[in-house]
Amino acid sequence: MRISKKKFVYLISPNNIYPQFYQDLKKILNTGKVSLFQLRLKKYSFEEKIMIGKKIKKICKKNNVKFLVNDDPNLSKKLNADGCHLGQKDISLIKARKIVGSKIIGITCHNSIKLAKDAIKHKASYIAFGAFFSTKTKKVRFKATIKILNKAKKLTKTPIVAIGGININNYKKLLLNNANLLAISGYVWNNKKYKPLETIEKLK
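Everything numeric in this text was worked out from a predicted model, so none of it was measured.

Before going further, it helps to spend a moment on the pairing of strand 5 (residues 104–108). Across the five residues that make up strand 5, a large majority, five, are buried. Neither face of strand 5 is open: one carries Ile 104, Gly 106 and Thr 108, the other Ile 105 and Ile 107, and all of them are buried. Looking at chain direction, strand 4 (residues 83–86) and strand 5 are connected through four bridges and run parallel. Residue pairing for strand 5: His 85 is matched across the bridge by Gly 106. At this point the chain moves from strand 4, through helix 4 (residues 93–100), to the parallel strand 5, and the crossover so formed is right-handed. Bridging between strand 5 and strand 6 (residues 126–130) involves three bridges; their strand directions are parallel. Paired with Thr 108 across the bridge in strand 6 is Ala 128. Note on the crossover from strand 5 through helix 5 (residues 113–121) to strand 6: the handedness is right-handed.

At a minimum axis separation of 11 Å, helix 5 and helix 6 (residues 146–155) run at an interaxial angle of 30°. Here helix 5 lies roughly parallel to helix 6, going by the angle between them. The handedness of the crossing between helix 5 and helix 6 comes out as right-handed. Together, Ile 113, Lys 117 and Ile 120 of helix 5 and Ile 148, Lys 151, Ala 152 and Leu 155 of helix 6 make up the contact between the two elements.

Conventions and cut-offs
Residues numbered from 1 in each chain as written. Predicted model: local features only at pLDDT ≥ 70, side-chain atom pairs only at ≥ 80, totals over all residues. Heavy atoms only, no water. Buried < 20%, exposed > 50% of the residue type's maximum accessible area, 1.4 Å probe, protein only. Helix = DSSP H or I, 4+ residues; strand = E, 2+ residues; numbered from the N terminus. Pairing = 2+ DSSP bridges. Right-handed = clockwise from strand over helix to strand, strands pointing away. Axes fitted to C-alpha atoms, helices over the stretch in contact; angles between N-to-C directions. Parallel < 35°, antiparallel > 145°, perpendicular 65-115°, else oblique. Left-handed = near helix turned anticlockwise from the far one by under 90°. Contact = heavy atoms within 4.5 Å.

Structure representation (structure tokens):
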């Protein structure tokens, strides 16, 4: 998987799909700064996710953004998405491969080089570390530091994703220390100061 330096944003969906969401998404993806979009909805049924996913996939395709599904390779296959993201407690990469074939499969590695080596061995499309900063999007059980990005870079050419509490004040530090992609959610969708489009425009 090749990542353009200009397209360093890995955008994760808000927890709730609000009425204006699709319009906001179109504007954000139109900036050309987003490489990947992940559908991560914990409170919706499979059928609802299919309906929402179909609309998002169209917008992603139009803007040359890869569309991934969180946790669920079967939903990814059903939507004919570009791939899926797996946590450590989800289905194994080997089993997911059998479902989605040669598509993108990314793996959460928390703050562990051991988990990263395992993901690389099983040919993960990208490895994700975090949380780097405190976040309200999900409970932080693992804290990662800049050191792990530099260690991972020495190990592999597999793209490296940084997750957790990333915003306008800290994103550059991660990009300067070998993160290829920044997974962002709360900063965009729950920002009290700026509209979703503005939050992305501010990331230069």
